[in-house]
Amino acid sequence: MSIILDKVNYCYSEGTAYQIQALKDINLEILDGQFIGIIGHTGSGKSTLTQLLNGLLKATSGNIYVDGKDIYDEDYNMRDLRNKVGLVFQYPDHQLFETTNFEDVCFGPKNQGLDRKEIELRAFEALRNVGFPEELYYQPPFDLSGGQKRRVAIAGVLAMKPDVLILDEPTAGLDPAGRDEILGLVARMHKELGITIILVSHSMEDVAKYVDRLIVMNQGEVMYDGAPKEVFPHYKELEAVGLAAPQVTYLMHELKEKGLDVNVNATTVKEAAEDILHALQ
Amino acid sequence: MIRDITIGQYYPAESAIHKLDPRVKLFSTLIYIIALFCFRGIAGFVIITAALAAVIKISKVPFKFMVKGLKAIVILLLITGVFNLLFTPGDITIWSWGPFKLTDAGISNAILMVLRLIYLILGTSLMTLTTTPNQLTDGLEKVLGPLNKIHVPVHAIAMMMSIALRFIPILIEETDKIMKAQMARGADFENGNLIQKARNMIPLLIPLFVSAFRRADDLAMAMEARCYSGGEGRTKMKPLTYDKKDYIAYILDSVFIVLVVAARVFVPFPM
Ligand SMILES: Nc1ncnc2c1ncn2[C@@H]1O[C@H](COP(=O)(O)OP(=O)(O)O)[C@@H](O)[C@H]1O
Ligand SMILES: [Mg+2]
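Below you will find a few notes about this structure. (Residues numbered from 1 in each chain as written. Chains lettered and ligands numbered in written order. Predicted model: local features only at pLDDT ≥ 70, side-chain atom pairs only at ≥ 80, totals over all residues. Heavy atoms only, no water.)

1. A short note on the pairing of strand β9 (residues 213-218) of chain A
All names here are of chain A.
Logical step 1: Of all the six residues making up β9, five are buried; the element is thus mostly covered by neighbouring parts of the structure.
Logical step 2: By the bridge criterion, five bridges tie strand β3 (residues 35-40) to β9 in an arrangement that is parallel. Note on β9: the bridge partner recorded for Ile38 is Ile215.
Logical step 3: Judged from the five bridges that link them, β9 and strand β10 (residues 221-226) form a sheet pairing that is antiparallel. Opposite Val216, over in β10, you have Tyr224 as the bridge partner.
Logical step 4: In textbook terms, the turn of a hairpin is the stretch between consecutive antiparallel strands, and for β9 and β10 this stretch comprises two residues, one of which, Gln219, has a positive phi near 45 degrees. (Buried < 20%, exposed > 50% of the residue type's maximum accessible area, 1.4 Å probe, protein only. Helix = DSSP H or I, 4+ residues; strand = E, 2+ residues; numbered from the N terminus. Pairing = 2+ DSSP bridges.)

Here's what the structure looks like:
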């Protein structure tokens, strides 16, 4: 499934004293099966962009085409779009409401009008896919830890079997262990389920390891769009807008300056380690 | 969508009205409301209109913004107008049908009541538009302070009011976010009959309540951690003090009272 954004603008509270231009002239093409990271400072418009992609917000101007169809056409089926593009919001507390975790995951498929058997099947599958412990299936969602709540929230969207899964800052408020678990889980889902994944984050370190395309947002505009290897060489510019390249990028550049012949484009620790070993031999 | 509600909103601007002491604004609004219901005759009406227009002008709040608040009470205005029009007995009956009759007194009553309501809303919303909720409760606390002597917990009431007001925008924003999160999972808040609609609200209301209780808990803890123990011996960061413009405002208030009373005594017609 492909999504194309053509000159998309979005303005909050248009025509009032509180008007905010959250997105400016966004052009993007999202292809089937990609693993995309959207990175940007707080307030750079990441969340706004994700809500445009599944039709929760309507662009102030510009067009969005999903599979070649204009989603702002009058006869376009918005419900259909929300089934295809799943969006997991930043705070799981905003969506958990049922008496048990299992029932909560059933909410999405139920709204899709499936029969009870299919609904439960999907809920089981989704909970298994996010690695949620079975003994908690029938516990209330309100006493879970932050990481477990995130899993239930992700499962709740996954159970709808979307073609594109968008996760808005899924690691916010988690400790390093919880963060790695969730990111590992997302990477595994991309590989095993073959769906397109858009991962929103404000930390380069988080996404560099996993994604094959990075979109850097700054003040409502796309600043860079490309593979991590193409984006990180701009680490000085990234710093200027309050972001940072992964630490290995800095290390490799410093080593290079000191005269060691290393590849400055290494993005993961493993790559860097091998490269340094190679250079030292 | 939910953000378009304007009643009780603050409109930030740099104006003399914004800078007035909240007590002055409370007192002036009270005078204005009394005048609105006691004036008689065209002269009194002109004086009130002029005063309101002048204050709106000085406040720099766009008139368009104020009219938006009126939209919420259009129905109330219509009902008031129609009832007064059709059910007031008078000397001259122009038209009648069963229990309904259109009289001279009915027409003037209807016009008067509708105008009074419009002016009431404009005047009071002007006060909330130019005063932050915090200033307003500070002002109320100070004005009602003497009631402490007869064991009315003025400080506690003011504190509860300011916390409630403070949380309204936060809860509105939260509602917006929860609605979106559930809509992303296919929830439908618009279609269906009354019972279905009520049932569809559950996924919205439960997270909202859970979060409101959690916030209340956190706030109580944070206040306790900073040794909050009620109003006894508590001082203000920004104590309310009158200065020159506040005294000028009180003088203008007095002039206003004198004019409205004079108009009532000397020109008590045609209303
Ligand atoms: N519901 C809203 N109403 C008004 N302004 C908003 C709203 N949501 C976000 N904004 C503003 O839009 C801009 C972009 O916000 P957002 O998309 O949430 O950024 P990010 O997710 O990158 O932090 C910010 O300036 C923010 O203050
Ligand atoms: Mg965000």
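Okay, back to it.
2. Section: the environment of Gly41 of chain B
Residues and elements named next belong to chain B.
Logical step 1: Its location among the elements puts Gly41 in helix α3 (residues 41-59).
Logical step 2: The class for Gly41 is buried, based on a relative accessible area of 0%.
Logical step 3: Sequence separation between Gly41 and Val260 is 219 residues; the distance between their C-alpha atoms is 9.8 Å.

3. Some thoughts on the interface of chain B and chain A
Logical step 1: Between chain B and chain A, the contact holds 21 residues from the first and 24 residues from the second.
Logical step 2: The contact between chain B and chain A buries some 2000 Å² in all, and 60% of this surface belongs to carbon and sulfur atoms.
Logical step 3: Interface area lost by chain B to chain A is led by Lys180, Ala184 and Arg185 of chain B, which between them contribute 37%.
Logical step 4: Where chain B packs against chain A, one counts two salt bridges.
Logical step 5: The partner of Arg214 of chain B in a salt bridge is Asp93 of chain A, with the nearest N and O atoms 3.5 Å apart.
Logical step 6: In this structure, the connection of chain B to chain A is made through seven residue pairs in polar contact (both at pLDDT 80 or more).
Logical step 7: If you list the elements that add at least two residues to the side of chain B that touches chain A, you get α8 (154-183) and α10 (202-225) of chain B.
Logical step 8: When residues in the side of chain B that touches chain A are grouped by element, the largest group, seven residues, is from α8 of chain B.
Logical step 9: Partitioned by chemical class, the residues of the side of chain B that touches chain A number 13 nonpolar, two polar and six charged. (Contact = heavy atoms within 4.5 Å. Buried area = accessible area lost by both parts, 1.4 Å probe. Salt bridge = Lys/Arg side-chain N within 4 Å of Asp/Glu carboxyl O. Polar contact = N/O pair within 3.5 Å; in protein donor to acceptor, adjacent residues only side chain to side chain. Nonpolar A, V, L, I, M, F, W, Y, C, P; charged D, E, K, R; others polar.)

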